[in-house]
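# Notes for the structure review
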Amino acid sequence: MQSPKEKRMDKSEPFFMPCAPKRKMSSEIISEARHSLRILKTQRPFTPREDQRTLFGTSSSRTPENRPPSAFSLHACSFEINESRPVSGKRLSPLDHKPKLPASPNNEDEIVPSFPKPPVDPVDIKRVSSARARLFKVASQGTLLPDKAVNPEDFIKRLHSESSVAALHSGRGRGDARLSDLNIQNQTKEHRPTSSSNVVGSEIEKGILPKRSSSSSALLNLRNESEQTERSGPTLCPSNGSENKNKNRSGSGNGSRTSDDETEEEAYYWNTEILPILNIIEKADNDTDVDCLCKACIRLYKSLENGNMLGRNCKQRAILLKILYKLVDVGSDQLSLLLVKLILALRVTGKNLLNVCKLIFKISRCENNDVLFQTENILDSLLDVLKSEDMLSNSEALLYCLGAIKFLSGNANLIKYMLNENLLETLVQLMKHISNTDKESDSLLPISGNLLVQLTAILRNIADLSQSRPRFLLSGALSELCVILEQYIADKDVCTNVARILSKLSSYNDCCTALADCPRCFSIFLAVLNKHQKKQDLVVRIVFTLGNLTAKNNHAREQFYMEDGAISTLLSLFQIYYELDCCMKSASGRSESAEEVNSRHPKHPTDVEDVLIKLIRVLANISIHPSLGTVLSTNQNCVDLLIKVLGEYFISDPVSYQGLFC
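An account of the accompanying structure is given in this report. (Residues numbered from 1 in each chain as written. Predicted model: local features only at pLDDT ≥ 70, side-chain atom pairs only at ≥ 80, totals over all residues. Heavy atoms only, no water.)

Attention now goes to the overall build of the protein chain. Scanning the protein chain from N- to C-terminus turns up 34 helices and zero strands. A burial count over the protein chain gives 45% of its 662 residues as buried. Contacts in the protein chain between residues at least 24 apart in sequence constitute 78% of all its contacts with a sequence separation of at least 6. Of the accessible surface of the protein chain, which amounts to about 35,900 Å², a share of 52% is contributed by carbon and sulfur atoms. (Helix = DSSP H or I, 4+ residues; strand = E, 2+ residues; numbered from the N terminus. Buried < 20%, exposed > 50% of the residue type's maximum accessible area, 1.4 Å probe, protein only. Contact = heavy atoms within 4.5 Å. Areas by Shrake-Rupley, 256 points an atom, 1.4 Å probe, with all protein chains shown as cover.)

Turning to the pattern of salt bridges, a few remarks are in order. In the structure shown here, the tally under the stated rule is 10 salt bridges. Here Glu266 and Lys315 are joined by a salt bridge, their closest N and O atoms 3.0 Å apart. Of this pair, Glu266 sits in helix H11 (residues 264-283) while Lys315 is found in the loop between helix H12 (290-306) and helix H13 (317-326), placing the two residues 49 residues apart along the sequence. Residue Glu266 is classed as partly exposed on the basis of its relative accessible area of 25%. Its salt-bridge partner being Glu486, residue Arg520 comes within 2.6 Å of it at the nearest N-O pair. With Arg520 in the loop between helix H25 (509-516) and helix H26 (521-531) and Glu486 in helix H23 (residues 477-487), the pair connects residues that are 34 residues apart, well separated along the chain. In the salt-bridge network here, residues are joined through shared partners; they are Arg62, Asp491 and Asp493. (Salt bridge = Lys/Arg side-chain N within 4 Å of Asp/Glu carboxyl O.)

For the rest of this paragraph, the subject is helix H28 (residues 554-562). Along H28, the residues that are buried comprise Ala556, Arg557 and Phe560. What you see down the axis of H28 is that its buried residues fit within an arc of 105°, all on one side. The N-cap of H28, judged by a side-chain oxygen 3.0 Å from the amide nitrogen of His555 a few residues on, is Asn553. (Arc of directions from axis to C-beta. Polar contact = N/O pair within 3.5 Å; in protein donor to acceptor, adjacent residues only side chain to side chain.)

A separate point is the packing of aromatic side chains. Throughout the structure, instances matching the rule amount to four aromatic pairs. When the ring centre of Tyr301 is taken as reference, the NZ or CZ atom of Lys341 above it lies at 4.7 Å. One cation-aromatic arrangement involves Arg469 over Tyr508; the distance from NZ or CZ to the ring centre is 3.7 Å. (Phe/Tyr/Trp six-rings, centres within 6.5 Å; stacked < 30°, edge-to-face > 60°. Lys NZ or Arg CZ within 6 Å of the ring centre and 35° of its normal.)

Before going further, it helps to examine H25. Those residues of H25 that fall on the buried side of the exposure criterion are Cys511, Cys512, Leu515 and Ala516. Along the long axis of H25, the arc covered by the buried residues comes to 130°, so they all point the same way.

A separate point is the packing of helix H15 (residues 350-364) against helix H18 (residues 395-408). Axis separation between H15 and H18 bottoms out at 8 Å; the angle between their running directions is 20°. Classified by the angle between their axes, H15 and H18 sit roughly parallel to one another. The crossing of H15 and H18 is left-handed. On the side of H15, the interface is formed by Leu353, Leu354, Cys357, Lys358, Ile360, Phe361 and Ser364, while H18 contributes Glu396, Ala397, Tyr400, Cys401, Gly403, Ala404, Phe407 and Leu408. Each residue belonging to the contact of H15 with H18 can be placed in one class, and the counts come to 11 nonpolar, two polar and two charged. (Axes fitted to C-alpha atoms, helices over the stretch in contact; angles between N-to-C directions. Parallel < 35°, antiparallel > 145°, perpendicular 65-115°, else oblique. Left-handed = near helix turned anticlockwise from the far one by under 90°. Nonpolar A, V, L, I, M, F, W, Y, C, P; charged D, E, K, R; others polar.)

With their axes 10 Å apart at the nearest point, helix H14 (residues 333-345) and H15 run at an angle of 150° to one another. Every pair of crossing elements has a handedness; the one defined by H14 and H15 is left-handed. Two secondary-structure elements touch here, H14 through Asp333, Ser336, Leu337, Val340, Ile343 and Leu344 and H15 through Leu353, Val356, Leu359, Ile360 and Ile363. Classifying every residue of the contact of H14 with H15 gives nine nonpolar, one polar and one charged.

To continue, consider the environment of Val483. In this fold, Val483 is placed in helix H23. As a C-alpha pair, Val483 and Pro519 span 36 residues in sequence and 9.4 Å in three-dimensional space. Setting aside its immediate chain neighbours within four residues, Val483 contacts Ser435 and Lys439.

As structure tokens, this is what we get:
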């Protein structure tokens, strides 16, 4: 009989008893699955950098005929010297007076006024001085028909009155207007030139005009003075005389005051500080003295700033701009930037402002010139254009200005500087102005879309900076982007840029919360997805943004699910891109080897696969919700599509696709 100890030794049992694995409860399995879904992160869609700096990239939906050019020629002749000559505010009504034919003379001594005669021969006018030429021009118009005959003595007295001579001395540009007052009153509506240079001589013989009386000595003095002025030529700083007034009127424009208002202190400062620099600029050789011209422009800017002559305060502004415009033809990018800074500081408008912005755009197209924008400090002038100019009246100038800033925003140093100078806030205000203008006009202006393409491209570059996120939140940029996305839903370029901005910002929790609180953001996203189902680069970014919004926010999941047609839109896209992927694979015949497939997946999925991944992520986020997940599981179409994808990808090649559905 064996002892109990021996009986235990005879049993063929292991030295230790293995622990039976503990079965997990269904709730634990579900919790682990939910946890894995919550930490699932998909890669943000990659946006390659464009090789060339153009207003609209190669992938733009705009045709070349419907967009402004990126390449153009710009010369000094492109600028207007008389940049803003004032236009009459109202048209004068014609006179009711009608000339009457003179009655027949009562006696032979009564002088009959002459009828209009042919115009003066230009060859004859060139033979005399400019002052005498103006006299001939007025005299050649003849006397228009008065109501009654004119006494020649009265006519001669009026011709040689002191006021008439003073009017001739008042300015060369107003000589014709002053001399026209010497004609007989009651002129007709249409003036017809009448005579040649011989008319004056003939009328002198008839006694209508005096030959050489003492009262005409002032006219001779005027002629001598005019001939001396022509021989001496114009100067950069005209004295108090006819040249000064003529030059000031020819190009001052833009509200600058005439030299009559110039004080003695201003004239002295101009002659001692500004004029010597302008003489250096004019004497410099444009081909070899570029450095000298650059230094002169720097000195000129400082002198104008110290003398409070920037803006439209300079009385000789027209002369100054004329000299600066000529330097554009030198062709130096560094000099051109200095000229841009000077010209913008003088507050040009209209065509000249457009040409300056084109010049900046042209220089900024070369990436090597980015360093010039850092050293010459031109960015402040660019930002000032965005802040001060009106969108409607200077839309094309703003377009090229935004285009230049878009290029420069690709430089890390420049974008940081502009961000600190409130670039983002300025762009948001401009975006609001464009949106409000379109609402008031009840239509989308063509130039507005072009402006928004450049503006949103700048915001896309700003969104890469981590320090820009607080500014996006404080400026209300997210809600404005949603408004623009809704207004320009048919513009693929604008929608794509906005989607790129939101996909970058939605990667951060604070931006996700702010974006989810924007009114109607989910309905706008769904409208964009329905509008552009086949545009992969737009769809993938909108779906990625939806995945970020619903990743950790139950309230956002509920908001999205309650939108009309939310799940059906996702499943429709799911079906479209699943079929598209199957067609692409069947067309290629799966000719790739296993090594090629493994090297591509899952790190580099195709564009179509990327859309499918992000769609599945949104569905997974919604299924996490306790009540919404139960409802979604009853959707047979959703379950069928998920099973198809599992059979197509995971089961056929589990090694390559296991990271996509974990």
